[in-house]
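If you want the building blocks of each chain, they are given just below.
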Amino acid sequence: MTLEDVQKDVVLSGKVWLDETFYTVRFEDIIRKADGSKLRGLSQNQICIGVATDRKQSLFLIEGTGKPSQKKTFETFKNHIEHGSILIHDKESAHAKLVKELSLKSRAYCSKELKGLTDKENPMNPVNRVHHILKHFLNAHSSFDRDNLQGYLNLFAFVTNPPVDMLEKVELVMKIAFQNPKLLRYREFYRINTDVYTDE
C-alpha cells in the first residue's frame, strides 16, 4: 500500500525499450473449456505485464489479460514515455497508437528473427534482461494472490530503480510512508471476521 503510487511519476525518455511479458494465474484459478482442457494461446489465464526501460529506470504495469490491444497499451504508457523518444520494440501491432500519439521514432524488430542471437547482438536485450529478473522475482512468490500482482510489480520497481544506495531507499520508503499514511484493517488484510474475538 505504501508503494502503490511509486511508478506514477516515472517518465522514460531517449531510447526506450518496450515489450510485454505474461504471467499465468494460479493453478486453481485457471479457466478451462467444458471438456477440462486449458484455453490456448494468450487467453484470460495469462496476465499481460507491460515492461519498458530506458536503462535508467524501468516500468512494470499490468495491461489486463490475454493479448494486448492498442487501447490498453496506449492507456498504460501514455503518461510514462516522453514525446519524441525512440521506441525500440517488436512488431506488436498494439504499439501502433502509442507510437503515433506520442510521436515516437519506432525501431521495430521481428521477434522470430531475433531468436538465436546472443544478448550482445539482440537489440531487445535491455528489456529481455529486465523480463528475466522480474520472472525470477515473481516465481519466488508464485502462490501469491494475482489480485496483488500490481503491488508486487510496484515493489520490484522500487527495488530495481534508483536510488541504488540501500540506505537511500530505506529513507525514501520511510518518507513515502509518513507523507502518505495508509490504513489497513486487520480483518481486510486477512479477510476474516474478527468480531468472533472479544476481550473477555
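Just so it is clear, the model here is predicted, and its values are computed rather than measured.

The rules behind the values
- Residues numbered from 1 in each chain as written.
- Predicted model: local features only at pLDDT ≥ 70, side-chain atom pairs only at ≥ 80, totals over all residues.
- Heavy atoms only, no water.
- Phe/Tyr/Trp six-rings, centres within 6.5 Å; stacked < 30°, edge-to-face > 60°.
- Helix = DSSP H or I, 4+ residues; strand = E, 2+ residues; numbered from the N terminus.
- Buried < 20%, exposed > 50% of the residue type's maximum accessible area, 1.4 Å probe, protein only.
- Lys NZ or Arg CZ within 6 Å of the ring centre and 35° of its normal.
- Pairing = 2+ DSSP bridges.
- Axes fitted to C-alpha atoms, helices over the stretch in contact; angles between N-to-C directions.
- Contact = heavy atoms within 4.5 Å.
- Expected span 1.5 Å × (residues − 1).

**Things to note about the packing of aromatic side chains**
- Evaluation of the coordinates by the stated rule reveals five aromatic pairs.
- Their ring planes at 40 degrees and their centres at 5.2 Å tell us that Phe 137 and Phe 156 sit as a pair that is tilted. Taken together, the positions of Phe 137 in helix α4 (residues 125-139) and Phe 156 in helix α5 (residues 149-160) put the pair 19 residues apart, joining distant regions of the chain. Accessibility assignment for this pair places Phe 137 and Phe 156 in one class, buried.
- Taken together, Tyr 23, Phe 60, Phe 137, Phe 144, Tyr 152 and Phe 156 form an aromatic cluster joined through their ring pairs.
- The side chain of Arg 146 reaches across the aromatic face of Phe 144, ending 4.5 Å from its centre.
- A cation over a ring is seen here: Lys 169 above Phe 158, with NZ or CZ 5.3 Å from the ring centre.

**Description of the sheet that holds strand β2 (residues 46-53)**
- The strand order across the open sheet built from five strands is β3-β2-β1-β4-β5, with neighbouring strands paired in mixed fashion. The open sheet has two edge strands with one neighbour each: β3 (58-65) and β5 (105-109). Ignoring strand direction, the axes of neighbouring strands in this sheet form an average angle of 25 degrees.
- Alignment of strand β1 (residues 15-24) against strand β4 (residues 86-90), held across four bridges, turns out to be parallel. Among the inter-strand pairings, Trp 17 is bridged to a residue of β4, identified as Ile 88.
- Against the sheet, α4 touches β1, β2 and β3, its axis set at about 30 degrees to β1.

**Structural notes on α5**
- Spanning 12 residues, α5 covers 16 Å between terminal C-alpha atoms, matching the ideal 16 Å at 1.5 Å per step.
- Summarising the contacts, the buried residues of α5 are in contact with β2, β3, α4 and α6 (166-179).

Read these as spatial facts, not as claims about activity.
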